[in-house]
Each structure stands twice: as structure tokens, then as C-alpha cells.
Amino acid sequence: MKISLKQLLKISLMLFFAALSATSFAQTSVSGTVTDSKDGTPVSGVTVSVKGTKTAVKTDAAGAYTVTAATNAPVLVFSSVGFTTQQVTAANGSASVKLVESNTQLQDVVVVAYGTKRKGDLTGAVTSVSAKDFQKGNIASSEQLLQGKVAGLQVTTGGGSAGGGSRIRIRSGASLSASNDPLIVIDGVPVEGNSIGGSGNDNLLATINPNDIESMSVLKDASATALYGSRASNGVIIITTKKGGKGKIKYNFNTQISSASIVKKVDVLTGDEIRSIVNADAAKSGVNTYKALLGNANTDWQSLIYRNAIGNDNNISASGAIGILPFRASLGYSNQNGVIKTDKFSRLSTAINLSPKFFDDHLSVNLNFKYSNVVRNKVDGGVVGAAASFDPTQANNAINKNKFGDNFEWITPGPNGIPIGTNGGSVQTNPLSLIDYKNDKAKTNRIITNLQLDYKLPFFPDLHAQINVGVDNTSLSGDFRADSVLVSEYFPSRRGKSSHYEQTKQNSLIDLSLFYTKEIKSLKTKVDALLLHSFQSFVTNEKSFADYATGKDTLLSRNALINPTNKIENAIESYVGRVNLTVNNKYLITASLRRDAGSKFAKENRVSYFPAVALGWKLKEEFFKNTNIISDLKLRLGWGITGNQDGIANYDYLARYSTSVNAGASYQFGNSFYGYLRPQAYNADVRWETTTTSNIGLDFGILNNRISGSIDAYQKKTNDLLLVAQVAPGANFNTEVLANVGNLTNNGIEFTLNTSPIKKKDFTWDLGFNMAYSSVEVTNTVNYEVANYQGIATSGVNDTKVGRLYVGKSPYVFSVSKQVYDASGNPIEGLYEDLNRDGVVDDKDVYFYKKPAADITLGVNTQVGYKKFTLGLAGHASIGNYLYNQYDATSARLRDIKNPLNFIGNVGRNYLASNFSNARYESDYFIQNASFFRLDNINLGYNFGAIMKNKANLRISGSIQNVFVITKYKGLDPENSSDQGLDNNIYPRPRIISIGANLDF
């Protein structure tokens, strides 16, 4: 058969297109599994997509997948949150991969107000601290995880009490008489304050198990905090707890045992020294009254109240996924003894997180549940002072037993002796009696739970609708007993006291919000917008009963309520709008506005607006895009207004009556006391304080962020400060009323530096440093314009005020008399300089001398890793702060040894230098430099790695807390939790040695 050329060409083309068609429609099926590179467990929910197409599937619970591709050797892309994306070319219809965890990606995400942001896109002053960087050691209360870690953040423990809390200050606070505590947000639920009666040194954060916390974000400037409006003037701390993840269930168990001991006691005189002073004084005066009262002992009462305190902390958790349900559950128990006998803290806690997704991941569910039961057995706060001041010449033995217990007490002579100081005097109580015969036990139950539903609209995928419903319920019940044998409880009308108290707090929240995110490629712009409506209510109920004892163990029947059930409630309704713009990945713009309506205010003052705006410029992308030396460089500018309402009682703006019981307004009926019905002072014009903050910051990173950090400069101006103002007699129901009458300015600079000087396979070294400078000044107060303005007297000792709020000065600046000294450098009692040279030493010669607030605070931490060993150190410092040594001022006088009520006492060793006979509270002699450096922690760890046939990983560690303090301060501890700078025998901070083990399996 003869074929023409034309026919041959036609046949050839037909065969070519047939082959092309067959090739085009060939299908290849590829299967495989995806596992975690760390432990080989299957990873479910991984997106497996065919590169260059829209074809994609997800791995199942076993990590398996099957995907169809239109080529024999397709390139598959494996991606999952928390893991580095991988590309693999499939061969022979099979492709299995091991995903590597992406730590960089996780660390790059920072939790901020109502959401998260990439660290590189932040425009506000925000510092995030993750679990790996938390303060190490025996941490009972969550805020202590941040100590020394954040520039401008001060975490000062109130002492060493078991489970005790801390004073938290961000950029020195922004108020005077209102609260300076930051707002705490736990998993999206803003909580009310940080206190509940009896829960342990006003410490609600002790109810949160530190082992459950994933990260803590500290929001410092108004552009970051303004979304929380009326409660954010003092900054915000956002606590995010650990969540579940996809994959095989993993377990973790960690345990720790600790021993705490006293580092330093109050420096007092010995029994021999007291005898020498009394004998010398008797020889000089010829009066032997006090000489006859001396004992023969050398008793160290402080040693008798302290002990080595053992504590333990145990936690177990499970996380992973059951089918499509990612979860994490934990159970923890902490038991901590205080170094003062009978002081004890225990916490039982549990936390559950569920985070499933439904409808092709369009609906995300996040359920958080946290429960804790805290039990505190507290000691009398005066035990430390009593131990320091009790007569060291007396022994505590059976010879001294009397009807007031088994301890030596000062009582009048005779068989019917009564405590010295009764009927208006100051009773001297044996410190052991305060431990043996006083008991205050409180139980706190707390539940924090919230449910977040996030729905991505299928017809509008750029828009998310979210609802967040949460509750924070806390209940307290406690029993206090002061035994009838206590000398401090002796009164002719009653003997001893027993009381029961209860308090509940209910915090309810509902947030409704819309999130819109869109990338407009034609404009090279990303848009992120938020609209939110929030309603939060707070209800507090409290009541207390009282009984009185007639004998050591005998109680009368229960009396009526001392304070009838007292219900306090308030609410905040808010509307929030926020827009974030990222233009060309270089220019960042954030603008927000919050409208708050608060029930604490009269109708005309109820609503206020809190705007904020911030700009960011990625200088790295603008000028250094092609260099590897500079890895990050960003300029930030921010401005905003925030508020503070915590210093305002719920009904201060209303005319109202009170029946509360106090010494001046009550009557007795039987064994009960009842209050008179009487009007209360009120101010209908009271409104919240407002703080305007301006911030400029620079974030930098060098050599792939081996060196990174930030510099911030800020100014905070607080207006309408809440202060107690004098009013004319008859103008109100009191001569003083809370009013908005002051202004405050705070200027500061912050610097943070993180470095990795050595980063090798077997040897790493990380070093971090932060510093903050702050200058706070009162710029206006009531009566500032009047002649002879003296400011507002505040902190003081008894009736002597040594602190003052004065325009142009730092808050609580010390206002004292200038001490005159003799040729040997010892103070001359009662002699002060005539500063104005008018020939008379009087109030006109009082001058301003030093201040309580530090000029500079520092934090430093370092971590060295060598093979399987790690060694870390952390410390913090304070420079330029001064304390009024109240103990020396009140307990270093001859009259404290020879008490006019006819008993012997002890004094601080400072008496040997001053030789003061009487109180000289007004002298600047007692104001001392309290600058310090404290090495907080040394920790050493060893990672055994895989054990039990690779079924588990074990790490052991040991740590020492409160290693040493360097200071010139002569008192017990230079780190004082009082904003006003008065040091009066805080519960001493112990040194804690702990060892622990961490097991992953």
C-alpha cells in the first residue's frame, strides 16, 4: 500500500497528539507517612500538596496520606504549624518525611492584646518571655518567673512567706493613691486585680501553676496596651498557658524538692550587751528598777521562730491528640513550708486545654479550664518584729510558765498578775506565743475557664467571627483564732478571739469580635482589622463572724455577723476598633480606639475614649536588604491614652449610708457590736485617671540575630490623679474626699541586649542584659497654688510624716530634718541644722532628702551549655533607691531597752552608734542607701537523653535561689515592696536549695 507524504504527515500528527494526550492524563498515586524527627511519632493534620497544583490532602491520625498527581515524579510540599516546611520529590509512588520542629517560627509569634503578631511586625513596646527563659528554681507564684527578665519591669517579693506574692511595677506605674498594679490577662480573660483576702499576701497569681504557663507577654507602652483602655495605665501582662498539639500523646513528669533557710536576721543586741547597758545606766542614775528585771540568759528569739523549711512540687501532664481532638491536661501539687514555724502553703491545681477544628478547619475551638485549691496557714505578721525586740536576757523554759501559756511573758507581779501594757499600753508579746497561740488558716478555690470559637466564613474566608466567653470565680473561706492565753488578747471585757470569714469573687466576660485579614498584592499591602464588643462584670460577696473565748479552749456561742453580707459589683462595657497595615513589608501602621463605659462613675463621667496610634519602619528592608550583617532593624513610634479605675470604690460617686463597725461608730448589744447608720462622704465628679504615653523604639539584630535587642525612650503623663483632698467643714460628710486633683510625669529609657557569643555543636553560651532608667515627678497637686505650699504629707511613723507628695519632686520624697553629728561622726540626739539660718530649728528647716524609687534597674542572665550539661545564672539590681530604716527609727533607743511600762526589751545594733534615748523619727539619719545587686539564681542541669530503651528522656537539675546580695543598706533587706520606701521588718527572704528531675515519655 502506497502512502503519500501528505497522508504520512497526517498520521504522524495524529500519533503525536494521541501520545501527548495519554501523557497528559496519566495519573500517579503517591503514599507515605509523616513523623516527628525528634521522637518518630506520627504527625496528623499535615498538609501534603502537589507543587504547582491545587491538589492537597492531610495526614490521618497515623501520619499516613495518599495523594494523586499528574506526573510520575511529583514534588510534594509538607507543611504544618510548628514545623519547618519540606519539599520532597516522590519516587516510585512513595514519599515519607520526618518533620523538624520550627523553634524559630514559634518564637517569632508574640501574644498581644486580642491576638498574636509576628515579632517583626510589632509596633508597640512588647517583651515576650517563653518558658525556656523563665526564672529557674522553686517558683511558687507566677509573676516571679519574670524577675530580672524584662527591662522596666520590677517584681519585688513582699518577703519570704510561703506562697507569698509580689509587687509588680511596669515602668514605675502611673498613679499615686490608685493601684499601680498592671492588668493581668490569663488566656484571654482579664482578671480583677491580684488579691483576695487570705489567699496569701494579696496574691491571686499564686493560684496559677507556673508549670502550666507557656509564655508571658509584657505590654509596656500605650500603643500596645490601649486596647484594654480604662485598666491599662500600669501596663498589661498576658499569661498564655500550654496547649495541646497534633500527634501521638506525650507525657511529662517533673518533680522538685527544696530546702529553705534564713540568710540574715535582724541585727540585735545579745543578752550580755543588754545587761551591760542597763547596769551602766543604773550605776549612772542610781536607780536599780530595770536592773532587777534582768535575766541571766542569752536567748536568740529569732533563731527560735525560724526553721529549715522543706518543700516539694510535683506535676504531670499529657498532650497530643485523640483522633481529631488535640488536648493537654495537667495535674500539679505543691507543698511549701515557710521558714517561720507553722507558716505553710499548698496548692493543688489542674488544667485542661482542648483545641479541635471542624468543617475543614473553618471552625476553631479553644477550651481552657484551670482549677486550683490553695491552702495557707499564715503566721502573725508581727512575729519577726516581736522576736527582734523581745528581752534576750530571759530564758524560755518551764520555770517561766504562767496562766498566759507555756512561754515567758511580761506580767505584773503577784498571783493575779495581768499582762503589762493592758488598758491602752503596748503589750510586749513573746514571739513564740504568737506562733503557738495564733492561727489563721485560709482556703482559696479558683476556677478560670473560657471558650473561644473562631469561625472563618466560607463565603468570605478573609473574615473571622470570634466569641470568647469566660469566667474567673474565686472563693475564700478562713478561720482565725487568737487563744485566750495570749497576752495581746487580754482585755477585761473579753479573752481571746475566734472568727470566720468568707469572700467570693465572680468575674464574667463575653467578647464578640470580627477579624479581617487581607493581602492586597496589587498594592503590596496587608490589612488586619478588628472590631470587638466586650462586657465584663465583677461581683464580690464578703461576710465575717466572730466569737470570743472565755478560756483556753472554750468558746461562747457564735455571735451575729460582724459585717453582714456585703455585695460589691461593677461592670465595664467596651467597644474596640483596631487596624494594622503592612505596606511593602516595610511600613507598619497601627491605629486603635476603645470606648469604655464604667459603672463606678456617675452617668456624665461614665464613658471615655482611649485612642492609640503606632508606626513602624523596617529599616532592614529599606536600606540593608542585601547585607547579612544586619539581620533586623526596625524603628517604632507610638502614642496612646490609657486609664486607671482601680483606686475608685464602686459607689464613691453616690450619696449613701454605711453601718460598718469601727471603734468610733458602733454600739454593743450582748457580746456583739453593731454599727450606726451614718452618711458617707462622696464625690459625684470622680472619674478615672488617664495616662498619655509617647514611645520611640529601635529593634535591632546583627549576625543572624546572634546579637539582638531594643532601645526605647518614653514619656508618660498622668492627669486627674486620684488623691484625698481636703474640703471645707460641712461641705461633705467628711473633711476629706477622694478627688481627681493631681498630675504626674514619668520619663524613661530602656535597653535590652541578648547575645550568643558562642554557638557550636557541643558548646553554647548565651548572655542577656537589660537596663531601665526612670524619672518620676509630681507636676500638680491640690493646693499647689496656695501660699507656703507644703505638699501632701503621706508616709510616716506614728504621727510623724517622713514622706511627701510635692510638685517638682519624686513621689514620696523624704521630708526630714538634717542631722548634726559630733567629731566622731555619731549623731547628736535631737540636734538638727538651722537650714534657713533664722536662729530657730523648726518645721521651716525640714528639707527634701532622697527618694524611694530607683533611678536605674538592671537584669542580667547567662546560660552555658557543654554537651549534656547546662549552667545558668540570673540576677537583678537597683541603683539610686533609698529606704527609711523604720526598724532602727522605732527600735534602736534606750527607752526600748528600758520600757516605761516597766519591762526590758531589745534593740537594733544601731543603738550602739546613735545612743538615742527617745524617738527621733524626723531625722535623716534613718534614710539609707538601698541600692543593691542580688544574684537570684544559679542552676545546673544534666540531660541524660534517651533512657528506658529510648522510651523516655530524663533531665535532672539543681538550683540555689537568693544566692547573695551586695548592698550598703544596714537593714534586713534592701529590696522593699513598699512604694513609699518604709522598711519595717519584712518577712526575710530565705535562701532556697532545690533539686529536680524532668521526665518526658
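Residues numbered from 1 in each chain as written. Predicted model: local features only at pLDDT ≥ 70, side-chain atom pairs only at ≥ 80, totals over all residues. Heavy atoms only, no water.

1. Quick word on the overall build of the protein
A tally of helices and strands in the protein yields eleven helices and 58 strands. Buried residues in the protein amount to 49% of all 1001 residues. Long-range pairs, those at least 24 residues apart, make up 68% of the contacts in the protein with a sequence separation of at least 6. Of the roughly 45,800 Å² of accessible surface on the protein, 56% is carried by carbon and sulfur atoms. (Helix = DSSP H or I, 4+ residues; strand = E, 2+ residues; numbered from the N terminus. Buried < 20%, exposed > 50% of the residue type's maximum accessible area, 1.4 Å probe, protein only. Contact = heavy atoms within 4.5 Å. Areas by Shrake-Rupley, 256 points an atom, 1.4 Å probe, with all protein chains shown as cover.)

2. Quick notes on the packing of aromatic side chains
Each pair of aromatic rings is reported with the distance of its centres and the angle of its planes. Inspection of the entire model under this criterion finds 23 aromatic pairs. An angle of 35° between the planes, with centres 6.2 Å apart, marks the rings of Trp 410 and Phe 903 as tilted. Taken as a pair, Trp 410 in the loop between α6 (383–389) and α7 (431–436) and Phe 903 in strand β53 (residues 903–904) lie far apart in primary sequence, 493 residues in all. Among the aromatic residues, ring-to-ring pairing joins Trp 301, Phe 390, Phe 408, Trp 410 and Phe 903 into one connected group. In this structure, Arg 934 packs its charged tip against the face of Phe 932, placed 5.9 Å from the ring centre. (Phe/Tyr/Trp six-rings, centres within 6.5 Å; stacked < 30°, edge-to-face > 60°. Lys NZ or Arg CZ within 6 Å of the ring centre and 35° of its normal.)

3. Focus on unusual backbone geometry
Phi at Arg 171 takes a positive value of approximately 55°, unusual for a residue other than glycine. Checked against the element boundaries, Arg 171 lands in the loop between β12 (166–170) and β13 (183–186). The phi torsion at Tyr 812 lies on the positive side, around 65°, for a residue other than glycine. With respect to the helices and strands, Tyr 812 occurs in the loop between β44 (803–805) and β45 (813–816).

4. Quick word on the pairing of strand β5 (residues 75–79)
As paired strands, strand β2 (residues 47–50) and β5 are joined by four bridges and run antiparallel to one another. Looking at β5, one finds that Thr 47 is bridged to Ser 79. Pairing analysis gives four bridges linking β5 to strand β6 (residues 86–89), with the strands arranged antiparallel. In the sheet register, Phe 78 faces β6, and the bridge partner there is Gln 86. (Pairing = 2+ DSSP bridges.)

5. Looking at the side chain of Asn 377
Considering the arrangement of structural elements, one finds Asn 377 in strand β22 (residues 363–378). You can call Asn 377 buried: its relative accessible area is 15%. Looking at Asn 377, its side chain comes within polar contact range of the main-chain oxygen of Thr 342, at 2.7 Å. Beyond its immediate chain neighbours, meaning those up to four positions away, Asn 377 contacts Thr 342, Asp 343, Lys 344, Asn 439, Asp 440 and Lys 441. (Polar contact = N/O pair within 3.5 Å; in protein donor to acceptor, adjacent residues only side chain to side chain.)

6. Considering the sheet that holds strand β54 (residues 927–929)
Across the sheet, three strands lie side by side as β54-β51-β57; this open sheet has mixed pairing. Either end of the sheet is taken by a strand with one partner, and the two such strands are β54 and β57 (982–983). The pairing of strand β51 (residues 882–885) with β54 spans three bridges and is classified as antiparallel. Across the sheet, the residue bridging to Leu 883 is Gln 928, located in β54.

7. Looking at the confidence of the model for the protein
Scored by pLDDT, the protein comes out at a mean of 85, with 87% of its residues at no less than 70. Contacts of residues 15–25 to residues separated by more than four positions or lying in other chains number zero contacts, the stretch itself having pLDDT below 50. The low-confidence segment residues 198–202, where pLDDT is below 50, has 18 contacts with residues more than four positions distant or belonging to other chains. (pLDDT = per-residue confidence, 0-100.)

8. Looking at helix α4 (residues 271–285)
With 15 residues, α4 extends 21 Å from end C-alpha to end C-alpha; this agrees with the ideal 21 Å at 1.5 Å per step. Buried residues of α4: Gly 271, Ile 274, Arg 275, Ile 277, Val 278, Asp 281 and Ala 282, and no others. Axial view of α4: buried residues confined to an arc of 165°, hence all on one face. Exposed side of α4, more than 90 degrees from the buried face: Ala 283 and Lys 284 are the residues found there. Each element contacted by the buried residues of α4 is listed here: α10 (894–897), β52 (898–899), β53 and α11 (911–914). One or two residues past the end of α4 sits Gly 286, with phi positive at roughly 80°. (Expected span 1.5 Å × (residues − 1). Arc of directions from axis to C-beta.)

9. Notes on the environment of Ile 184
With respect to the element layout, Ile 184 can be found in strand β13. In this structure, the C-alpha to C-alpha distance between Ile 184 and Val 218, residues 34 residues apart in sequence, is 9.7 Å. Once residues lying within four places of it in the same chain are set aside, the contact partners of Ile 184 are Val 189, Pro 190, Val 191, Leu 205, Ile 237 and Ile 239.

10. Looking at the pattern of salt bridges
Inspection of the entire model under this criterion finds 35 salt bridges. Put simply, Asp 187 and Lys 370 hold a salt bridge, and the shortest N to O gap is 2.7 Å. Of this pair, Asp 187 sits in the loop between β13 and β14 (189–191) while Lys 370 sits in strand β22, and the two are 183 residues apart along the sequence. For the pair shown, Asp 187 and Lys 370 are each scored as buried. The closest approach of N and O atoms between Arg 636 and Asp 699, which form a salt bridge, is 3.0 Å. Of this pair, Arg 636 sits in strand β32 (residues 630–644) while Asp 699 sits in strand β37 (residues 689–702), and the two are 63 residues apart along the sequence. The buried category is assigned to Asp 699, whose relative accessible area is 15%. (Salt bridge = Lys/Arg side-chain N within 4 Å of Asp/Glu carboxyl O.)

11. A short note on the sheet that holds β6
The sheet built from four strands is open, its strands ordered β3-β2-β5-β6 with antiparallel pairing. In this open sheet, the two edge strands, each paired with only one partner strand, are β3 (56–58) and β6. For this sheet the average axis-to-axis angle between neighbouring strands, irrespective of direction, equals 25°. (Axes fitted to C-alpha atoms, helices over the stretch in contact; angles between N-to-C directions.)

12. Observations concerning the environment of Thr 691
With respect to the helices and strands, Thr 691 occurs in strand β37. Along the primary structure Thr 691 and Thr 745 are separated by 54 residues, whereas in three dimensions their C-alpha atoms are 9.2 Å apart. With residues near it in sequence (within four places) discarded, Thr 691 still touches Ala 174, Ser 233, Gly 640, Ile 641, Thr 642, Lys 716, Lys 717 and Thr 718. Only 2.9 Å separates the side chain of Thr 691 from the side chain of Thr 718, close enough to count as a polar contact.

13. A closer look at a nonpolar patch on the surface
A grouping of Tyr 251, Phe 253, Ile 316, Leu 331, Tyr 333, Leu 348 and Phe 1001 is seen on the molecular surface, where their side chains present a nonpolar patch of about 610 Å² in accessible area. Examined against the element boundaries, Tyr 251 turns out to sit in strand β17 (residues 250–262). (Patch = residues over 30% accessible without salt bridge, like charges linked within 9 Å, V, L, I, M, F, W, Y side chains within 5 Å.)

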